Amino acid sequence: MGFFRVERLSIAFGGLQALEEVSFEVPKGSIFAVIGPNGAGKTTLFNCINGIYRPDAGRIVFKDTEIQGKKPDRIARLGIARTFQNIELFSRMTTMENLMLGRHIFMKNGLFRGAWMWGRRSFAGREEVRHRRAVEEIIDLLDLQAVRNKFVGALPYGTQKQVELGRALALEPELLLLDEPCAGMNSEEKQDMIFWIKDIQDELGVTILLIEHDMKMVMDISERILVINFGRPIVEGTPDEVTNHAEVLQAYLGEDEPASGSGMAGAGAGVSPF
Ligand SMILES: Nc1ncnc2c1ncn2[C@@H]1O[C@H](COP(=O)(O)OP(=O)(O)O)[C@@H](O)[C@H]1O
Ligand SMILES: [Mg+2]
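Conventions and cut-offs
- Just so you know, the residues in each chain are numbered from 1, in the order the chain's sequence is written.
- Chain letters start at A and ligand numbers start at 1, both assigned in the order the entries are written.
- Owing to the predicted nature of the model, reporting of local features is limited to residues with pLDDT of at least 70; listing and counting of side-chain atom pairs is limited to 80 or more, with chain, interface and lining totals taken over all residues.
- In these notes, a nonpolar core means any group of buried Ala, Val, Leu, Ile, Met, Phe, Trp, Tyr and Cys residues linked to one another through C-beta atoms within 7 Å.
- Here a residue counts as buried when 20 or more other C-beta atoms sit within 10 Å of its C-beta, as exposed when there are 12 or fewer, and as partly exposed otherwise, the C-beta atoms being derived from the backbone.
- Secondary structure is summarised from DSSP: a helix means a run of H or I of at least four residues, a strand means a run of E of at least two, and numbering begins at the N terminus for each.
- Note: domain ranges come from an automatic or database domain assignment.
- Note on contacts: residues are paired as contacts if their backbone-placed C-beta atoms lie within 7 Å.
- Here, nearness means that the C-beta atom of a residue, built from backbone geometry, sits within 6 Å of the molecule or strand in question.
- Think of it as three bins: nonpolar holds Ala, Val, Leu, Ile, Met, Phe, Trp, Tyr, Cys and Pro, charged holds Asp, Glu, Lys and Arg, and polar takes everything else, Gly as well.
- Following DSSP output, two strands are said to pair if at least two bridges run between them.
- Comment: axis = line fitted to C-alpha atoms, over the contacting stretch for helices; angle = value between 0 and 180 degrees taken between N-to-C directions.

With that settled, consider the nonpolar core. Ranked by size, the top nonpolar core spans 63 residues in total, and within it Leu-176, Ile-208 and Leu-210 carry the most contacts. The dominant element in this core, judged by the number of residues it contributes, is strand S3 (residues 31-35), at five residues. Formed jointly, this core draws a minimum of three residues from each of two domains, domain 1 (1-79 + 173-274) and domain 2 (84-172). Residues within four places of Leu-210 in sequence aside, it is in contact with Ile-31, Phe-32, Ala-33, Leu-178, Val-218 and Ser-222.

What follows is the structure in structure tokens.
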């Protein structure tokens, strides 16, 4: 039973053990963070969960269904959506069009075709109207009205990240995977993003699995945190439990290449990232 759990997940690329027996459980409705230095295996973990990679060993269980090794679209249909570390949107399409694409898994009649060809009262027309309504709700929730008809490529970086979040929500996920949603943002954009993430948890009841590089950010919003380093789990627990863990400090302070714009920069300067 349980909502979502990963059991002894392992994957190697050639001689590199990217994940080694990683286990954790995400309670329904919570925000659960995975943190660790660059190259720790965080994105690889997401790629295993959403079916881009097939793990060598271990299990991924979502609402009593084993999903490891299933195809990405199957996993999306089961209710797991994600955003990417590097934005993956169609820059020559509008915000609205990108969000409509997020609903493709629900569409029986192909995109944008139905209503034009058969009129609004046809089945295809009604379906299109339903999808547009769902997308309008997301636009309201994320405050994207002003950019709904703008090309995504022309939007500021922080807004593009927001649109990508919206596209993931368009799938109506129960579990949302966010890969460094605040990476590259200025502090105002970060504050906004944290606000949206909390809103998605509170208002939509979506469970959130969050990858973050910045310790300070996850401390504020996560119920539980898993720290990994070199593909291995170091500690899992509440923010307080994790903060006091010696190996966590070492993993962060040990990194000699400070990452710009994150809590890691402080660590590189010899200041506690917490
Ligand atoms: N497809 C791949 N082929 C080879 N190596 C990979 C592949 N994907 C990830 N890796 C390696 O796995 C390790 C973990 O990468 P990643 O999961 O992206 O780290 P993180 O997201 O924590 O920064 C890195 O050493 C990376 O180079
Ligand atoms: Mg990554």
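Here we take up the environment of Ala-33. Here Ala-33 shows up in strand S3. Sequence separation between Ala-33 and Leu-210 is 177 residues; the distance between their C-alpha atoms is 4.6 Å.

This brings us to the site of ligand 1. Ligand 1 sits among Phe-13, Leu-16, Ala-18, Gly-36, Asn-38, Gly-39, Ala-40, Gly-41, Lys-42, Thr-43 and Thr-44. Taken together, the elements giving at least two residues each to the shell around ligand 1 come down to strand S2 (16-26) and helix H1 (42-49). No other element matches the three residues that H1 contributes to the shell around ligand 1. Taken together, the residues of the shell around ligand 1 break down into four nonpolar, six polar and one charged.

Reading across the sheet, the six strands line up as S6-S7-S8-S3-S9-S10 and stay open at both edges, with mixed pairing between neighbours. Two strands in the sheet have a free side with no partner beyond their single neighbour: strand S6 (80-83) and strand S10 (232-237). With strand direction ignored, the average angle separating the axes of adjacent strands in the sheet is 15°. The sheet contact formed by strand S9 (residues 224-229) and S10 spans five bridges and is antiparallel. Residue pairing in the sheet places Asn-229 in a bridge with Arg-232 of S10. Set on the sheet, H1 makes contact with S3, S6, strand S7 (175-179), strand S8 (207-212) and S9; between it and S7 the angle comes to about 150°. Packed onto the sheet, helix H6 (residues 157-169) meets S6 and S7 and runs at close to 170° relative to S6.

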